[in-house]
Each structure stands twice: as C-alpha cells, then as structure tokens.
Amino acid sequence: MPESRTKLLAAFAAVYVVWGSTYLAIHYAIATIPPFLMAGIRFVIAGGIMYAWGSARGATRPTRLQWRNTSIIGVLLLLGGNGAVVWAEQTVPTGIAALLVSFLPLWLVVLDWIRPGGKRPSVGVAAGIALGLLGMGVLVGPDSFRGAGPVNVWGALALVLASLSWAAGSLFAKHADLPSQVLTTGMEMLAGGVALLALATVTGEIRHFHPRAVSSASLLGLVYLISFGSLIGFSAFSWLLKHASATAVGTYAYVNPVVAVFLGWLVAGEVVTPRTLLGAGIIIASVGIISTVSSDVGPRQQALIKAPSLRRS
C-alpha cells in the first residue's frame, strides 16, 4: 500500500475511532476525578504541549488580540462545550452523549442564519433540522422530564447546550485574527483549561479532591484523553484538512456516535435499546441530510457544516 494512502487511512482511523472513543474515556476518567478538574488538567497539559511545539517550530509570537480571540474560542469550545459534556456524562450514557452532541451541524446552520446578514436555510436543511429534533425527542422521550426515562433530562439539556457553545465558538473562530494552527489550538486549550480549573475551584471540586482516591482506570482515561484525544486526534485532523476534502473529513459526524454507542455497549456494559437505535438512526440521518444539502446554502455555511472545529474531543 502506498505510504500516502496508509497515512490517509491512519488519519481517518484516528478521527473516527479515537474521537469516537473519547466519550468512553471521559466516562472512566470522571469516575474518581471530578469532571471540571479532570477536563482542566487535560487541556492545560495538552495545550502547553501544543504551544511549546508550535513555538519550537518557529511560529510567530501571538499578539494580544490573538490571545484575546483564542481565549474567547477556548472558553466557548472547552468550558461551555467540553465542560458540559464531562458534567453530563455523570448521568448520561456515553453513546447517548455522543448522539446528542452530534447536533453541532444544526446549531451551525441556525446561528449562521440569525446573525446579521445571515442566509435563511434551504428547505432541505430545514427538513434535516426538523428530523434531528424528532430524533432527540425519540432518544430522550417525554417520560425523562418526570425522571422515569432512559436519559437524565438535565444531562441531555447540558449536551445540547454544549453543541450550541461549540457552534458559537466555531462561528467566532471563522473570521477571528488567529496565529498558526498549532499555536491557536494550544492557546485555546490553555485558556479553556484555565477556565475549567477556575470552575472546579468555584464549585468546590478542588477542595474536596483527594488524589489518593483516583483509580488506575481514571488515570488511564485522563492520559488517553491528553495523548490520543487531544494530541494525536488533533494532529490527524489537521493533516486531513490538507490532504482530504472537507466533505470526507466531515463524515466524522456520522461515525463518532456509532463508535461511541458500540464501545459503550462493549466495554462499559451500557444498554442499547431499540429506542436508542431508532433515535440514533434518526439523528445520524438528519446530520447526513444537513451535510448533503449544504451545497444549497452559502459557502460560509457550507464550510462550517462540512468541517467544523473538532478540538472539543
């Protein structure tokens, strides 16, 4: 097999499997490490490595404006986005968490529509949005609001808001003044990680945290998130953006939830009911419709839908 094809397959495998598996890694990491503290440690370490790597490669020193912009993006993507995910996974199964997070294309379309000068979504995109909402209704169900459903309603709401925060961060990043890609990611991780540690302090997580209580499974989950989820996954994604089409890279939106559901069932023993499979199928179909018919919307919307920021994983 040619070396370039091998690299391409390896990069797609990393984006598909590694990012799909981060939900399971979070599940184990937060078992004995408080969620905001765990996420803060993860992104401060990963961000520091990325920033040092970019600086060592001769990247231009970022300006004060670039630090401000990356801090805003980091807070939206990692505090509002990843922070909500790690908090929600205390009560929501990993597979369902991944499915609810896959609403990102929906929010990208809606936010880009309501912005000043935004373009109204086409009939096809609107149909995809409606189908996605139907899938969420099937997945969560009205009985969840009475505390009797398969999904914790507050956790589900946090996950939907997480994808909204990621969409807002992605839209802001689209036209913000940013440094090189490696430095940008490192700075975003540092800003988001510091914000998460601040939240862990305010909520009392740090005060009540006992390092000796951390299990080996949680420690391995944290190491996996830092090394594979943040560093290897990002590197693979960055490489794919230069060597594959945005449409091909965007297929992560269909594959990641499937990987998360499968691993949650196989490794963590999570129950996969017919209702879960039905809701999953509807949501994935809605994402597929929005991505497929995105050629009907403006180029700005299309670029956001096809290859949104994936630095949340």
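Residues numbered from 1 in each chain as written. Predicted model: local features only at pLDDT ≥ 70, side-chain atom pairs only at ≥ 80, totals over all residues. Heavy atoms only, no water.

## Notes on the nonpolar core
Counting residues in hydrophobic clusters, the biggest one holds 74 residues, and the most contacted among them are Met 38, Val 85 and Leu 159. Considering every element that reaches this core, the biggest residue donor is helix α1 (residues 3-29), with ten residues. Discounting residues that sit within four places of it in the chain, Leu 159 has contacts with Val 85, Ala 88, Val 92, Ala 97, Leu 100 and Val 101. (Core = buried A, V, L, I, M, F, W, Y, C linked by side-chain atoms within 4.5 Å. Buried < 20%, exposed > 50% of the residue type's maximum accessible area, 1.4 Å probe, protein only. Helix = DSSP H or I, 4+ residues; strand = E, 2+ residues; numbered from the N terminus. Contact = heavy atoms within 4.5 Å.)

## Points about the packing of aromatic side chains
For any two aromatic rings, the description comes down to two numbers: the centre-to-centre distance and the angle of the planes. The final tally for this structure, using the stated rule, is four aromatic pairs. Taking the centre distance of 5.6 Å and the plane angle of 45° together, the rings of Phe 12 and Tyr 16 count as tilted. Taken together, the residues Phe 12 and Tyr 16, both in helix α1 and four residues apart, mark about one turn of the helix. Looking at Phe 12, the relative accessible area reads 14%, which means it is buried. The class for Tyr 16 is partly exposed, based on a relative accessible area of 21%. Aromatic pair Tyr 224 and Phe 228: ring centres 4.9 Å apart, planes at 15°, arrangement stacked. Placement of the pair is Tyr 224 and Phe 228 together in helix α9 (residues 216-243), with a separation of four residues, close to one helical turn. A relative accessible area of 24% places Tyr 224 in the partly exposed class. For Phe 228, a relative accessible area of 36% translates into the label partly exposed. (Phe/Tyr/Trp six-rings, centres within 6.5 Å; stacked < 30°, edge-to-face > 60°.)

## A look at the confidence of the model for the chain
Mean pLDDT for the chain: 84, with 86% of residues reaching 70 or above. Within the chain, helix α13 (residues 299-306) has the poorest average pLDDT of any element, 49, and helix α2 (residues 35-56) the best, 96. Across residues 295-305 the pLDDT falls below 50, and counting only partners more than four positions away or on other chains, this stretch makes 31 contacts in the model. (pLDDT = per-residue confidence, 0-100.)

## Some remarks on the packing of α2 against helix α8 (residues 181-202)
Running from N to C, α2 and α8 cross one another at 155°; their axes reach a closest spacing of 7 Å. Comparing their axes, α8 and α2 come out roughly antiparallel. For the pair α2 and α8, the sense of crossing is left-handed. Its residues assigned to classes, the contact of α2 with α8 shows 20 nonpolar, seven polar and no charged. (Axes fitted to C-alpha atoms, helices over the stretch in contact; angles between N-to-C directions. Parallel < 35°, antiparallel > 145°, perpendicular 65-115°, else oblique. Left-handed = near helix turned anticlockwise from the far one by under 90°. Nonpolar A, V, L, I, M, F, W, Y, C, P; charged D, E, K, R; others polar.)

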